[in-house]
Amino acid sequence: MAVNPNWPNVEHAWGPLWTANGGAIPADHMVNVVRRTMKAVGVQRGRQYELDQVQAGTLSATLSNTDGFLDPSNSAGPWYGNISPFQPLRIRMQYPPTANLLAQGIATGTDGTYVFSTTDPSQGASVGSASAFEGGTVFQFNVPSATMPGPGSLICYTNTASVIPGAQYTMQMQIRNTYLNTSVQVWPFIGWYGSTPGMGMSTFATGATYTLTGAHFGAWTQAWATATAPIGACGMVVGLMAASTPGASVNIQVDGWQLELGATPSTFTVPGITYPLYAGFVERWPSAWTEGGSYGVVQPTGVDAFALLSQRLLRAPLTEEIYRRSPRFLYALDDPQNVTAFADSTGNNPAAPIGVSTYGAGSLTSGNKIAATSPSGIYTGSTGSVVSIANANPGSNVIGAANFISLSSIGIKGPATPSSFTRMIAFRYTGPTPTAAAQMWSCMDGKPGGSGSRIDLYLFTNGEPVFHIEGPTGQATTVYFDGATNCADGNWHLLIFGLNASNGTAMASQDGAVAQTFITSGNVTPTGLISDNVGAFVDPAVGHGTAYNFQGDISYVCEWPGLFSDADITAVYTAWRNAFAGDSTDQRYARILGWAGYTGATNIQTGLTTAMGPAQVDGQDALSALEEVTATENGAHFVDRSGAVVFKSRSDRYNSTTATYVFGERADLGEFPYEELTLDYDSTHLANLVTVTQPSTSQTFTASDLYSQQVYFPRTMTRTVNSASPFECQDAANYLLSRYHNPLSRVTGVKLHPSAHPALWPACLAMELGTRIRIMRRPFGAPPIQLDAFVEHLDWQFDDQGEAWLTLQCSPVDKTPYGLFGAWRSAIYGATQPVGTWGFPVAPMRGDNSQQLAAIIGHGQQVVIEPGTPNAETFTVDHIGATTPGSWSYGVIVMTAPSAIAHPVGAVICEALPGSVTDPTAWDSADHFDSSAFAY
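This report concerns the structure included in the present document. (Residues numbered from 1 in each chain as written. Predicted model: local features only at pLDDT ≥ 70, side-chain atom pairs only at ≥ 80, totals over all residues. Heavy atoms only, no water.)

1. With respect to the overall build of the chain
So the rule is basically this: Strands are runs of DSSP state E lasting at least two residues, helices are runs of H or I lasting at least four, and both sets are numbered from the N terminus onward. Contacts are assigned to residue pairs with any non-hydrogen atoms lying within 4.5 Å of each other. The Shrake-Rupley method, run with a 1.4 Å probe, gives the accessible areas here. Residue values count only the displayed protein chains as cover. The convention is simple: Lys and Arg are positive, Asp and Glu are negative, and His and the chain ends are not counted. Lys charges are placed at NZ, Arg charges at CZ, Asp charges at CG and Glu charges at CD.
In terms of helices and strands, the chain carries 10 helices and 55 strands. For the chain, the spread of C-alpha atoms along the three principal axes comes to 95 × 90 × 70 Å. Considering only intrachain contacts with a sequence separation of at least 6, the fraction spanning at least 24 residues in the chain is 73%. Only carbon and sulfur atoms are counted for the fraction: they give 53% of the accessible area of the chain, which is about 36,800 Å². Averaged over its 40 positive side-chain charges, the chain has a centre that lies 3 Å from the centre of its 68 negative ones.

Have a look at this one:
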């Protein structure tokens, strides 16, 4: 195909075989609609200012639809039934443009991420080769001797190129067989995916048959195939398949891979870099017919994963963790007062009614407040109400009246799979210490007195919980909960218990601890269960006779298939107890994405806030919850050009000290040209009275600047910082004041025109949110003006006349540079100091001999020699000894005790460091915003 060297190859791809896909952007099964693109295409991502919430990235386009193929209601269309909202969209550009449509790594045998094989279970490998066709690596794939020829034996293939329906393609590759005395026949092929999701190639075309005879580093054979894409193609795949069964296992090497438009192969070319520009999902498919109904267009609007996340309302952390594990039922028991049945939050089962004993009614009420004997005895993973049970004779074997929650009356009669299950209940017991047992959950068959199959959960006479499980023949096991304590304390506890009969394991966990008991007493699987009730021992053999009554509060009655792992127990318990208080910001960010059901790519940096408060997300949309985590971190987050969700810690900008790109008129200085620049020196984010609230305590922290208030009038800023540390909350207030107490020049727009200046293409295509740039202005007759800024918003505009513009909106870098001032440090001077040394000669710190040593280190200070090594010794300074006068070359520090170890010349000597810190250059406890601290 003809290539315009000044314009990238453009792929505008749509995935008709995909759904929203958990927010993931697929690499394959895509249709390239670039030939339908008309008028204008616009892509916007980012936020207006650095303190604003990031908006979902958007795409707008107009596609020709004169054939009606993109009309969802056109039953004769090739994609009928496969056009719907939230299918993936992506725009990618290759620059420099080449005829080769594959990615560089695939074309040159260096990156096998999206190269696959059905003959080689390891999916082949990229291996070094001195005789590679291109570069120094090739792909290598094993073909076993039993391989049958045909489309079931794909030696290698890739399906990442999108297809233009109706276009003719040619694929070529260089191939060879590296096993001596072997021979195999192969076909190069081009295949198409049809309109059935989840199916493989619907049709394919092969080239000639190529016979490869084994030789070490033999000559390369060019293999190629050509085919025309069907009108209804939904994707394409190219590669190499077996054409015969080899007599012995062979290794096939592949290099010089090329896919191009046209009927014949052209000279192999290493493709340019493939830059993703946008990745998201079709939100709407609006269509229009103009010119008297003869000209049809569709104008799909695209949104990225943030739009999906903004629609997902989160529940309480405990509920989210429960749902992530696909519960069979969840009776949270947070129903309002005076209900007579309790709803299953999963919607899988009817409401469970209040059961009444054959001996009469007890007391069971709903809508009660979470309470406990001690302030720490409650749980915070949910803030709903609970059920309270006040049956008579709690904890005793006295037969009598009782109310309970009847699961069996709505069809829950034991675990769905009695041989493999996990159950959970939260409770607080308020009765006396049991004299017999206080039954929380009973499940049994119809034999009198529970003499057959059964599952019992109760508090024993020591107040500790017990899980008893018994099979139909009387074989049983009793599991005592790991971490068990006396639960007759009026505080809340969480019990998780279950069985995996296939490996003979019963599990019982109290308050996050785990115990797994390996059963040796035979079959304990409780089959034939007919009764399942919460709040008492309920015997169905005598018409729901009750004893061993429970007294107290209950919530979160739940069951899952399978047996929980330790990680499952920890996650659910932590969610219940404290809503994941103690998460770092990166942990919390990833956790919220998981709750929201996001399964796409992520790039999450380690946060500098290492302990957050509880996750208070109930009723909040996922994007807002992520925004609050980002605000606590004072970092940034966005969906990047490839569709991955990105979380940046605050250190990302602190440590970005140089510009990636410089824009100005001096090409001789490496500057890129821009067409327009608009600035604003505004008060949009001026603040001189900053209040930060810590949500876990509702405590507020303030920072203010009286001078700024006098000049600009008091201007407030409020922020919520969900850090567990009050010091960090105060630091946040101090930083925000430092950043915003004076107005700053902001870049409201810098317009780049890469179609007019092709040298701009690499910089524009690689531009990402958060990139640090520099903008130069050189007014006539005045010194140059330099503005350093971070990119906050990207606005791409393309038209069908060959024009492309990128407009950047930016926030200024901090005017006060960040500095990290280390502890005082120096090195042993002159010679190795032997054991028993009292006075250590030291050189000036980093050559600075303007300050006398006695002005830097004094009596009573502690210093360490060789910190972070086995030879580290800590000393207390007695006084400073002899020092060369004036610009001194060395001085002597005299200690209060002699050394016990010899220390070599050049050994580090520094001020004592806090625990776990070994680098004296990276710590100073007096660091503070808008201030500096020096040890000399």
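2. Re the packing of aromatic side chains
Defined as follows: Centre distance within 6.5 Å is the pairing criterion for rings of Phe, Tyr and Trp, where only the six-membered ring of Trp is used; planes under 30 degrees apart are then read as stacked, over 60 as edge-to-face, and the remainder as tilted. A 1.4 Å probe rolled over the protein chains alone gives each residue an accessible area, and that area as a share of the maximum for its type sets the label: buried under 20%, exposed over 50%, partly exposed in between.
Scanning all chains against the criterion turns up 30 aromatic pairs. Ring geometry for Phe-69 versus Trp-79: centroids 6.4 Å apart, planes at 90°, classification edge-to-face. Here the residue Phe-69 occupies a position in the loop between strand 4 (55-64) and strand 5 (88-95), and Trp-79 occupies one in the loop between strand 4 and strand 5, the gap between them amounting to 10 residues. For the pair Tyr-654 and Tyr-735, a centre-to-centre distance of 6.4 Å together with 55° between the ring planes defines the contact as tilted. Taken as a pair, Tyr-654 in helix 7 (residues 651-654) and Tyr-735 in helix 9 (residues 726-740) lie far apart in primary sequence, 81 residues in all. Considered together, Tyr-654 and Tyr-735 belong to a single accessibility category, that of buried residues. Members of the aromatic cluster, connected to one another through ring pairs, are Trp-7, Tyr-95, Trp-761, Trp-796 and Phe-798.

3. Quick notes on the side chain of Arg-650
Our working rule: The definition of a polar contact used here is a pair of N or O atoms within 3.5 Å, where within protein one atom must be able to donate a hydrogen and the other to accept one, and adjacent residues in sequence count solely through side-chain atom pairs.
Here Arg-650 lies in the loop between strand 40 (645-648) and helix 7. Residue Arg-650 is classed as buried on the basis of its relative accessible area of 14%. Side chain to side chain, Arg-650 and Glu-728 meet in a polar contact 3.2 Å long. Those residues within four positions of Arg-650 in sequence are excluded, and the remaining contacts are Leu-608, Thr-609, Thr-632, Glu-633, Asn-634, Gly-635 and Glu-728.

4. Observations regarding the nonpolar core
The line we're drawing: For this analysis, a nonpolar core means a set of buried residues of the types Ala, Val, Leu, Ile, Met, Phe, Trp, Tyr and Cys, connected via side-chain atoms within 4.5 Å.
Within the largest apolar cluster, 137 residues are counted, with the highest numbers of intra-cluster contacts made by Trp-14, Tyr-169, Trp-257 and Leu-808. Among the nonpolar cores identified, the runner-up in size contains 40 residues, and Leu-333, Phe-421, Ile-425 and Val-534 belong to it.

5. A closer look at the environment of Ala-225
Mapped onto the fold, Ala-225 is located in strand 13 (residues 221-228). Classification of Ala-225 as buried rests on a relative accessible area of 1%. Considered as a pair, Ala-225 and Gln-172 are 53 residues apart in the sequence and their alpha carbons are 6.6 Å apart. For Ala-225, the residues in contact, after removing those within four places along its chain, are Tyr-169, Thr-170, Met-171, Pro-188, Phe-189, Ile-190, Ala-205, Thr-206 and Gly-207.

6. Notes on the sheet that holds strand 13
Formally: Note: two strands are recorded as paired if DSSP finds a minimum of 2 bridges between them. Only C-alpha atoms enter the line fits that serve as axes; for helices the fit covers just the stretch in contact. Angles between N-to-C directions range over 0 to 180 degrees.
A sheet is described by the order of its strands in space; here 5 strands give the open sequence 6-7-15-9-13, paired in antiparallel fashion. Taken across any chain shown, the strands that pair with only one partner, and hence form the sheet edges, are strand 6 (125-128) and strand 13. Going from strand to strand, the sheet's axes swing by 40° on average, the running direction of each strand aside. Sheet topology places strand 9 (residues 168-177) next to strand 13; 8 bridges connect them, and they run antiparallel. Each bridged residue has a counterpart across the sheet, and for Gln-174 the counterpart in strand 13 is Gln-222.

7. What to know about the packing of helix 3 (residues 317-324) against helix 5 (residues 585-596)
Defined as follows: An angle below 35 degrees is treated as roughly parallel, one above 145 as roughly antiparallel, one from 65 to 115 as roughly perpendicular, and anything else as oblique. Crossing chirality is assigned from the near helix's rotation relative to the far helix, an anticlockwise turn below a right angle marking it left-handed and a clockwise turn marking it right-handed. As a working rule, the residues Ala, Val, Leu, Ile, Met, Phe, Trp, Tyr, Cys and Pro are called nonpolar, Asp, Glu, Lys and Arg charged, and the rest polar, with Gly in that last group.
Between helix 3 and helix 5, the least distance of the axes is 9 Å, while the angle of their chain directions is 60°. Looking at the two axes, helix 3 sits oblique to helix 5. Crossing hand, helix 3 versus helix 5: left-handed. Packed against helix 3, whose contacting residues are Pro-317, Glu-320, Glu-321 and Arg-324, the element helix 5 presents Arg-591, Gly-594 and Trp-595 at the interface. A per-class count over the contact of helix 3 with helix 5 returns 2 nonpolar, 1 polar and 4 charged.

8. With respect to the side chain of Gln-709
Assignment of secondary structure puts Gln-709 in helix 8 (residues 706-712). The residues touching Gln-709, leaving out its near neighbours within four places in the chain, are Asn-688, Leu-689, Ser-704 and Pro-714.

9. Digging into the pairing of strand 9
Burial of strand 9 is extensive: 9 of the 10 residues sit out of reach of the surface. As judged from the 8 bridges shared by strand 9 and strand 15 (residues 250-261), these two strands associate in the antiparallel manner. Within strand 15, the position partnered with Thr-170 by the bridge is Glu-260.

10. Structural notes on helix 3
Two residues of an α-helix separated by three or four positions point the same way, owing to the 3.6 residues in each turn. The element helix 3 is extensively covered by neighbouring structure, given that 6 of its 8 residues are classed as buried. Lining the buried residues of helix 3 we find strand 20 (329-331), strand 26 (420-429), strand 37 (551-561), helix 4 (566-578) and helix 5. At the exit of helix 3 stands Ser-326, carrying a positive phi of roughly 55°.

11. So, empty space enclosed by the protein
Empty pockets left among the atoms are what a rolling probe the size of a water molecule brings to light. Operational definition: Think of a 1 Å grid over just the protein atoms. A cavity is a set of points where a 1.4 Å probe fits yet cannot get out, a pocket is an open set with protein on both sides within 12 Å along at least five of seven lines, and lining residues have an atom within 4 Å of a point. Grid points are joined across faces, edges and corners, and a volume is the space filled by probe spheres set on the points.
Overall, the coordinates contain 5 cavities of 30 Å³ or more when judged by the stated rule. In this structure, the largest cavity occupies an estimated 70 Å³ of space. Lining the largest cavity are Gly-46, Arg-47, Val-54, Ala-636, His-637, Phe-638, Arg-653, Leu-769, Gly-770, Val-791 and Glu-792. Put simply, the parts of the chain that give the lining of the largest cavity at least two residues each are strand 39 (636-639) and strand 48 (785-799). Ranked by residues supplied to the lining of the largest cavity, first place goes to strand 39 with 3 residues. Here the residues of the lining of the largest cavity are counted per class, giving 5 nonpolar, 3 polar and 3 charged.

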